[in-house]
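Each chain, letter by letter, is given below.
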Amino acid sequence: MIEYKNIHKEYQGVSVINNINFKINNGEFVVLIGPSGCGKTTTLKMLNRLIKIDSGEIYIDNKNIMEVDIENLRRNIGYVIQQIGLFPNMTIEENICVVPKLLKWDKDKCNNRVHELLSMVSMPYEQYAKKYPKELSGGQQQRIGVLRAIAAKPPIILMDEPFGALDPITRDILQDEVKDLQKKLNLTVIFVTHDMDEAIKLADTIIFMDKGDILQIASPEEMLRAPANEIISEFMGKRGNFLDAENMACSDLMRTPVFTIKDDKKTLECIEIMKKRQIDSLIVVDKAGIFQGVVTIESIRSKGKAGEKINSLISKDFPTVLQDDVGKTAFDLLMDKKYDYVIVLTRDNSVVGIITKSSLAKALASVVWGEM
Amino acid sequence: MSWTLIFQHLYLVIMATIGTIVIGLPLGVLAYLNKSFNRLILWSVDILQTLPALALLGVIMVFIGGNSLTVIIGLILYSLLPIVRNTYVGLTNIDPAIKEAATAMGMGKFYKLIHVELPLAFPVVFTGIRIAVVTSIGVAVFGTFVGGGGLGSVIYRGIHIQNMNLIMSGTLSLMAMAIIFDFSMAWIEKKLYQK
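Because the structure is a prediction, the values reported are computed rather than measured.

Calculation notes
Residues numbered from 1 in each chain as written. Chains lettered and ligands numbered in written order. Predicted model: local features only at pLDDT ≥ 70, side-chain atom pairs only at ≥ 80, totals over all residues. Heavy atoms only, no water. Helix = DSSP H or I, 4+ residues; strand = E, 2+ residues; numbered from the N terminus. Rg over C-alpha atoms; globule rule 2.2 N^0.38 Å. Buried < 20%, exposed > 50% of the residue type's maximum accessible area, 1.4 Å probe, protein only. Domains from an automatic or database assignment. Contact = heavy atoms within 4.5 Å. Buried area = accessible area lost by both parts, 1.4 Å probe. Salt bridge = Lys/Arg side-chain N within 4 Å of Asp/Glu carboxyl O. UniProt positions renumbered as here; feature names shortened; annotations may be inferred. Patch = residues over 30% accessible without salt bridge, like charges linked within 9 Å, V, L, I, M, F, W, Y side chains within 5 Å. Areas by Shrake-Rupley, 256 points an atom, 1.4 Å probe, with all protein chains shown as cover.

1. Topic: the overall build of chain A
Here's step 1: Tallying secondary structure elements over chain A gives 16 helices and 16 strands in all.
Here's step 2: At 31 Å, chain A has a C-alpha radius of gyration far larger than the 21 Å of a compact globule built from 372 residues.
Here's step 3: Taken along the three principal axes of its C-alpha coordinates, chain A extends 100 × 50 × 30 Å.
Here's step 4: When burial is assessed residue by residue, chain A has 49% of its 372 residues classed as buried.

Structure representation (C-alpha cells):
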C-alpha cells in the first residue's frame, strides 16, 4: 500500500502541492488527472524521489520512503515517461535489462527475462533484441519502455503521460496492453494523464487535481455521474452532462422550445399555420398558458367549419407527462400508442416541451456516446 | 628532411593528445558534475588557449629545460580547450529525458556516467579530440625553438638559409599530416554520429 500523508511542495515560495493525502491499494490502477500545472507529475515523481518532498511523508507498505536507500527504492519502482527515454547506446535487450543488471541478476536470468517479456508483447526476440531503439517505431519503443519498467518485477509502476506522444491507434493498443499487464501481474500503477478518455479507460480510481489540491478521488463511473465540482465537470467536457438512463426524467428527453397556439384561434388560421409549418396538429393553450389539448387537421376537416373557433375541436385525450416523470413513461407512450409525440407539462399544466421519437433517440444516444 | 623528423613530429602530437585526453576528459566531467568548478575550469582552459604558443613553450622551458617533454606539456596545455569544452558540452546536451530515465532506474551518479552519459557524449568528445590533434600538428612546429625537434626544424632551417625547397617540403609534409588526420578522424566521427 502507498500512502501520501500531508505532502507539501513549493517552488520559490509558490506552493504547488498543498498538503495532499491519499492512499493507493496494492494492485490498484490509479490515474492522476487535471489541467496542466495541477501538480500531478510532481505528485508522481515524489514517489521515486525524483522530486524532493518539502514536508509530509510517503509510505510504501508502511515504510517511509525517505528511510529507504534511494537507489534501491528506485530499482523497485518501474518508471515510464512520455519521451520514452530509452538509452540510444544500448540494444533493446540491454535496455530491458538495465534494472535487472543493477540488481545483479546473472546473465541467464536476464536473458530469460528478455525472452519472456518480448514474447508478452509479440516482438520476437530474434528480430528485435539486438536492435537499437532508433530502429524501432515510436509505438514499439514505448512498448520496450514499458518492458524496461517491469523487467525486474517491481510491484509499483509510475507512468508519466506514457502514450501522450503516440498516434491515437497505437495509443489505444498500448493502453490495452498496459491494462492487461497490470491485471495479469497485479501491478500497482500510478498513471499521469490529462486525457479523460484515457483515465476512464484505464483507472480503477481517478484522482483529480487542480492547483496543487485534490478535488476528488473516485472511480471513473462515480466521477462521471457525480463530479465534485464545476472544474471537474468542465474538464470532462462533453461527458459533464452525462445522463444516466435509469434516472432520466422526461425533461431530459424533450425538445424545446415548443410551438403553441391560443384557444381563441379560428379554424382557417390553424390550417394556415399547419400548412406553413408542415405539421398535422397544434398544441393549444389558454391565455394563461395552461394546456388545453390538441387540435388535429383531421378533426378540423371532419367537424370544423370555416371561421369557427377551435374550442370545440380540441381533443383532450392526448398523451401528456409531467416533466419530472421517469423518462420510461414517455418512451412507453410513444412506442405503444399511435401518437407522434408526447406533451411535457409542468405541475401547473403549462407546456414545456414535447418528446418525439427523434428527441428520444438523441437523448439516449447521449447516454451512450456523450452529449451530441 | 627525413622520416625521422616526421615520426618525431608525430610522436610529439600523439603523446600530447594522449596527455590531453587523460587530463582534459576528467576536467570536462568535473565541470559537468560540479557546478562550482564549472566556471573555474572552463575559464582556465579558455585563458590557456589565448596565450601565444611560443611564449607558453618559453615559460615551460624555464622550468624544465629544452627537450621534447617541454613541447608535449605545451601542446597539452594548449589543446585542453577543445577536449574539456566538448566533453562538458557533450555531457550537458544529452536529452534530459534520458538522464532522468537513468536516474529513475536507480543508477548511481558514477554508473550513469560510465554506462549512459559518456557513451552518448562520446561523438562530441571525439570532435574535440580531432580539433586538438589538428591544432597540435601545427603548434608543434614551434617545438624546434625549445629543442623539441619535429618538422619545425626543417622549416626553420629553410628560412635561415633561404632555401625554398626546404621550406616547402617541411610545410607540405605538415599539411599532408594535418589533412590525413583531419579527414580520417572526420570519417570516424561521421560513423559515430550515425550510430
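2. What about the domain arrangement of chain A?
Here's step 1: The domain boundaries assigned to chain A delineate domain 1 (2-243) and domain 2 (250-369).
Here's step 2: Just the C-alpha atoms count here: the centres of domain 1 of chain A and domain 2 of chain A sit 55 Å apart.

3. Things to note about the interface of chain A and chain B
Here's step 1: Taken together, the 23 residues of chain A in the interface contact 18 residues of chain B.
Here's step 2: Here chain A meets chain B over a buried area of about 1,700 Å², counting both sides, of which 66% is carbon and sulfur.
Here's step 3: Counting the surface chain A buries against chain B, the share from its top three residues, A:Phe87, A:Asn89 and A:Leu102, is 27%.
Here's step 4: The interface formed by chain A and chain B holds one salt bridge in total.
Here's step 5: The partner of B:Glu100 in a salt bridge is A:Lys45, with the nearest N and O atoms 2.8 Å apart.
Here's step 6: Only helix H2 (70-75), strand S6 (77-81) and helix H4 (98-102) of chain A provide two or more residues apiece to the side of chain A that touches chain B.
Here's step 7: Looking at the side of chain A that touches chain B, the element that brings in the most residues is H4(A), giving four residues.

4. Some thoughts on the UniProt feature "domain: ABC transporter" (unreviewed entry) in chain A
Here's step 1: As recorded in UniProt, the sites labelled "domain: ABC transporter" (unreviewed entry) are residues 2-236 of chain A.
Here's step 2: A distance of 27 Å separates the end C-alpha atoms of residues 2-236 of chain A, which is 39% helix and 26% strand.

5. Observations regarding a nonpolar patch on the surface
Here's step 1: Among the surface-exposed residues, B:Tyr11, B:Ile14, B:Met15, B:Ile18, B:Val22 and B:Ile23 lie close enough to one another that they form a single nonpolar patch of about 540 Å² accessible area.
Here's step 2: What makes B:Met15 partly exposed here is its relative accessible area of 35%.

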